[in-house]
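Read off the chains here:
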Amino acid sequence: HSIWTLERHVQMLRRSHLQGGADTAVKILLRELQQHDRDLLYAWNQVPEVVRYLPSMPKPLAYEQHVEWWHRVYPQRRHGLDRMVLLDNGSYRRAVGRIHASWSDEKMQWPDGSESSYESVPEVGVLLGCPDVWGQGIATEAVRRLLDILSILHFKECYALIHPENTASQRVFAKAGFEANSGT
């Protein structure tokens, strides 16, 4: 995976909209994970094109494995944020993805055994579970909004691990201000 880093302080909260139609503005919202999100996340994890670049997940994921994962993540981790990405057209909200940032008080270890220099620096990840909304700027805006939250929490840098073949995620993070740093 390539390491993409963002080393700047987000100065102001961003507010933007995607245009959903001639006179309809679709807002992108982030909300905390809720118990009823568990099965939707499981359904997204069953779509091969959605999870093809997720490195450590068995494919397909058994429901029991998903429930075990859920109990580790929900309620929210002590060192992290997990949010659902919602589209809101004013009369209807649709969950289309998940975004998270996680950090540790300890240096993390890469798969090759080397230690990361990223101690207490959030790793950001985003998954859009609905392929019909891909390519519309939703993931980029979700990353920007999560960066706003991290800024409020006084984080000055963060990083993302992106599979070298995942050019869509590379574009998302580049548009959000990240730069390719190195590979592992």
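Nothing here was measured: the structure is a model prediction, and the numbers come from that model. (Residues numbered from 1 in each chain as written. Predicted model: local features only at pLDDT ≥ 70, side-chain atom pairs only at ≥ 80, totals over all residues. Heavy atoms only, no water.)

1. Topic: the overall build of the chain
- Of regular secondary structure, the chain possesses five helices and eight strands.
- Put simply, of all contacts in the chain between residues at least 6 apart along the chain, 70% involve residues at least 24 apart.
- A total of about 10,400 Å² of accessible surface is found on the chain, and carbon and sulfur atoms cover 49% of it. (Helix = DSSP H or I, 4+ residues; strand = E, 2+ residues; numbered from the N terminus. Contact = heavy atoms within 4.5 Å. Areas by Shrake-Rupley, 256 points an atom, 1.4 Å probe, with all protein chains shown as cover.)

2. Quick look at the confidence of the model for the chain
- With 71% of its residues at a pLDDT of at least 70, the chain reaches an overall mean of 78.
- Here strand β2 (residues 17–19) stands out as the least confident element of the chain, with mean pLDDT 36; helix α5 (residues 167–175) is the most confident, with 95.
- Confidence over residues 7–24 falls short of pLDDT 50; this stretch has 32 contacts with residues more than four positions distant or in other chains. (pLDDT = per-residue confidence, 0-100.)

3. Topic: helix α1 (residues 38–45)
- All buried positions along α1 are accounted for by R38, L41, Y42, W44 and N45. Along the long axis of α1, the arc covered by the buried residues comes to 160°, so they all point the same way. (Buried < 20%, exposed > 50% of the residue type's maximum accessible area, 1.4 Å probe, protein only. Arc of directions from axis to C-beta.)

4. Some remarks on the pattern of salt bridges
- This model, assessed by the stated rule, comprises six salt bridges.
- The shortest N-O distance in the salt bridge between R31 and D37 comes to 2.8 Å. The exposure classification of R31 matches that of D37, with both residues buried.
- Across the pair D132 and R94 runs a salt bridge whose closest N-O atoms are separated by 2.9 Å. Of this pair, D132 sits in the loop between β6 (123–128) and α4 (138–152) while R94 sits in strand β5 (residues 93–102), and the two are 38 residues apart along the sequence.
- For R94, a relative accessible area of 28% gives the class partly exposed. (Salt bridge = Lys/Arg side-chain N within 4 Å of Asp/Glu carboxyl O.)

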